[in-house]
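# Report on the structure
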Amino acid sequence: MAADKNNMVQKFLDFWQARSDRERLILAAGGGVVLFGLLYGGIYVPLETSRKALMDRLPQMRAEYRLLTAQVEEIERIRSRSGKQAGGPVSLQRRIESSAMSKGLGDGIVSMTPAGNDLVQVVTADRPARVWMEWLLELQGQGVRVQTARIRFSGKDGQARLEATLAGSQP
């Protein structure tokens, strides 16, 4: 292997030394142009394309960050409220149904099952995930605590199914 490399290097040196100064200059310049073209097309252009794509997406990402921050603050504000809503599983179910109907989501609730201790388990049909998140925030504003929530994306146009356990009072 080392002999092959030495042989190739020797062949190149023989080739190079057999050229006149002018030919060497032209070959070196041509090699430089080819090297520049390879570096430009293989490294710079893909990096620049990626940078531009990220720069185009940056304002949207910042807006999403601000929205998420505002939602976290709203959730913390709602959770900090004290007081207990009277009722039980039955009245909690009514509040959940009423809220779903007011948002036009009544037909989106597949099942609603009392789980004891002022808890209700809710399973929904596919709707945009944003709709379910807004609905959960509205429920929290009405004093319904989201104990667990799992959003499962169905893979079609942002559609998701919600599985949640809701409690009727603050801890």
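## Looking at the pairing of strand S4 (residues 145-153)
- With eight bridges joining them, S4 and strand S5 (residues 159-167) adopt antiparallel strand pairing. Residue pairing for S5: Thr148 is matched across the bridge by Thr165.
- Hairpin geometry of S4 and S5 is characterised by an intervening segment of five residues between the two adjacent antiparallel strands and by a positive phi of about 90 degrees at Gly155.

## A few points about a nonpolar patch on the surface
- A contiguous nonpolar patch, built from Val9, Phe12, Leu13, Phe15 and Leu27 and spanning about 440 Å² of accessible area, is present on the exposed surface.
- The greatest single-element share of the nonpolar patch, amounting to four residues, is contributed by helix H1 (residues 2-17).
- Inspection of the secondary structure puts Val9 in helix H1.
- For Val9, a relative accessible area of 47% translates into the label partly exposed.

## Focus on the pattern of salt bridges
- Scanning all chains against the criterion turns up nine salt bridges.
- Here Glu48 ties to Arg51 by a salt bridge, and the two come within 2.7 Å at their closest N and O atoms. With Glu48 and Arg51 both in helix H2 (residues 21-80) and three residues apart, the pair spans about one turn of that helix.
- One salt bridge in this structure joins Glu134 and Arg130, with 3.5 Å as the shortest N-O distance. Pair noted here: Glu134 and Arg130 are both in helix H4 (residues 129-141), with a separation of four residues, about one helical turn.
- Accessibility expressed as a relative area gives 35% for Glu134, which makes it partly exposed.
- The structure contains a network of salt bridges with shared partners spanning Arg150, Arg152, Arg161 and Glu163.

## Description of H4
- Its 13 residues place the ends of H4 19 Å apart at the C-alpha level, agreeing with the 18 Å of an ideal helix rising 1.5 Å per residue.
- Those residues of H4 that sit buried are Ala129, Val131, Trp132, Trp135, Leu136, Leu139 and Gln140.
- Of the residues flanking the end of H4, it is Gly143, one or two places downstream, whose phi is positive at about 90 degrees.

Each value, and the rule that gives it
- Residues numbered from 1 in each chain as written.
- Predicted model: local features only at pLDDT ≥ 70, side-chain atom pairs only at ≥ 80, totals over all residues.
- Heavy atoms only, no water.
- Pairing = 2+ DSSP bridges.
- Helix = DSSP H or I, 4+ residues; strand = E, 2+ residues; numbered from the N terminus.
- Patch = residues over 30% accessible without salt bridge, like charges linked within 9 Å, V, L, I, M, F, W, Y side chains within 5 Å.
- Areas by Shrake-Rupley, 256 points an atom, 1.4 Å probe, with all protein chains shown as cover.
- Salt bridge = Lys/Arg side-chain N within 4 Å of Asp/Glu carboxyl O.
- Buried < 20%, exposed > 50% of the residue type's maximum accessible area, 1.4 Å probe, protein only.
- Expected span 1.5 Å × (residues − 1).

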